[in-house]
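Take a look at the letters that make up each chain.
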Amino acid sequence: MGLISQILTLPLAPVRGTAWVLDQVVLAAERDYYDPELVRGQLAELEQELLSGAIDEDEFDRREDDLLDRLEICEAYQERLKNNS
């Protein structure tokens, strides 16, 4: 970018900076949401709830199915990231 272009687009700098920050926040949130280790931890916690009697088999099965579906999505997301790198 030349000097003239930089001077002419200087008023847009705060907008570009804000957009970059928002992109970084979204990327961090996606990394956290699609982290398979977090889902595996939730599965372990769920099993502990079952073993301690806090939940019954039906509740365990329902929540386990949801977590396994989410784990599958997380692993597919991680695979896409590897293939795009």
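For clarity, every value in this text was computed on a predicted model and none was experimentally measured.

All right, on to the overall build of the chain then. Each helix and strand in the chain was counted, giving four helices and zero strands. For the chain, the α and β elements follow one another from N to C terminus as α-α-α-α. A compact globule built from 85 residues would reach a C-alpha radius of gyration of about 12 Å, whereas the chain, at 22 Å, exceeds it by more than 25%. Here the C-alpha coordinates of the chain stretch approximately 70 × 25 × 15 Å along the principal axes. Residues classed as buried in the chain amount to 13% of the 85 residues present.

Here the structure, examined in full by the defined rule, presents seven salt bridges. In this structure, the salt-bridge partner of glutamate 75 is arginine 40, at a minimum N-O distance of 2.7 Å. Within this pair, whereas glutamate 75 is found in helix 4 (residues 57-84), its partner arginine 40 is found in helix 3 (residues 36-52), the two being separated by 35 residues in sequence. Note that glutamate 59 is salt-bridged to arginine 62, the shortest N-O span being 2.8 Å. Of this pair, glutamate 59 and arginine 62 both sit in helix 4, three residues apart, which is roughly one turn of the helix. Owing to a relative accessible area of 44%, arginine 62 belongs among the partly exposed residues under this scheme.

What counts and what doesn't
Residues numbered from 1 in each chain as written. Predicted model: local features only at pLDDT ≥ 70, side-chain atom pairs only at ≥ 80, totals over all residues. Heavy atoms only, no water. Helix = DSSP H or I, 4+ residues; strand = E, 2+ residues; numbered from the N terminus. Rg over C-alpha atoms; globule rule 2.2 N^0.38 Å. Buried < 20%, exposed > 50% of the residue type's maximum accessible area, 1.4 Å probe, protein only. Salt bridge = Lys/Arg side-chain N within 4 Å of Asp/Glu carboxyl O.

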